[in-house]
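Listed below, chain by chain, are the residues.
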Amino acid sequence: MVAKPKKNLLSRKCGEGPPIAPEGWKWRAGLRKQDMYFTAPDGTRFRSKRPLNEYLRTLSNPPAPADFCWSITPEVLAHPALQAFKTATPPKKSAQFKKKAKASSKSGGEPAAKKPRK
């Protein structure tokens, strides 16, 4: 049995600057725990440490490689800048379906007849 990869605590979230990236840099978290993407102020994108470190060597005043957070831990999530991500949760699909059902029942009239099976 193959182990399922761990989910990223900030899955599909994005932001800018500390505590995940240096000031002026953008970040995006992927689905898997190890998926972090960084975008430089000039628009260059990075998925791994090696190309990022090569890019940093070309800069005259580069940020430290330690300023980039490649794995999101509960300690990183405790940072005040990330509290909005921790509390914001998308509505559940079941709640969306309930709203649609209530809206259709308020419209009055009879429910649409089901199509017969073939």
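Our subject is the structure listed above.
A brief look at the structure comes next.

Rules behind the numbers
- Residues numbered from 1 in each chain as written.
- Predicted model: local features only at pLDDT ≥ 70, side-chain atom pairs only at ≥ 80, totals over all residues.
- Heavy atoms only, no water.
- Patch = residues over 30% accessible without salt bridge, like charges linked within 9 Å, V, L, I, M, F, W, Y side chains within 5 Å.
- Areas by Shrake-Rupley, 256 points an atom, 1.4 Å probe, with all protein chains shown as cover.
- Salt bridge = Lys/Arg side-chain N within 4 Å of Asp/Glu carboxyl O.
- Lys, Arg positive; Asp, Glu negative; His and termini not counted.
- Charge placed at Lys NZ, Arg CZ, Asp CG, Glu CD.
- Buried < 20%, exposed > 50% of the residue type's maximum accessible area, 1.4 Å probe, protein only.
- Pairing = 2+ DSSP bridges.
- Helix = DSSP H or I, 4+ residues; strand = E, 2+ residues; numbered from the N terminus.
- Core = buried A, V, L, I, M, F, W, Y, C linked by side-chain atoms within 4.5 Å.

What follows is about a positive patch on the surface. Together, Lys26, Arg28, Arg45 and Arg47 make up a positively charged patch on the protein surface. With a relative accessible area of 72%, Arg45 lands in the exposed category.

Turning our eyes to something else, we now look at the pairing of strand β3 (residues 36-39). Bridging between strand β2 (residues 26-29) and β3 involves 4 bridges; their strand directions are antiparallel. Pairing of Ala29 across the sheet is with Met36, part of β3. Between β2 and β3, which follow one another and run antiparallel, lie 6 residues. Here β3 runs beside strand β4 (residues 45-46); their pairing, made up of 2 bridges, is antiparallel. If you follow Phe38 over to β4, its bridge partner there is Phe46. Turn length for the β3-β4 hairpin, with the two strands adjacent in sequence and antiparallel, is 5 residues, and the turn residue Gly43 shows positive phi of about 100°.

Here we take up the sheet that holds β4. The 4 strands are arranged β1-β2-β3-β4 in an open sheet whose pairing can be described as antiparallel. Edge positions in the sheet fall to β1 (14-16) and β4, since each of these pairs with one other strand and no more.

Right, let's get into the nonpolar core. Leu10, Ile20, Trp25, Trp27, Met36, Phe38 and Ile72 are the most contacted members of the largest nonpolar core, which has 20 residues in total. For this core, the elements supplying multiple residues, two or more each, are β2, β3, α1 (49-58) and α2 (74-77). A total of 3 residues in this core trace back to one element, the largest contributor, which is α1.

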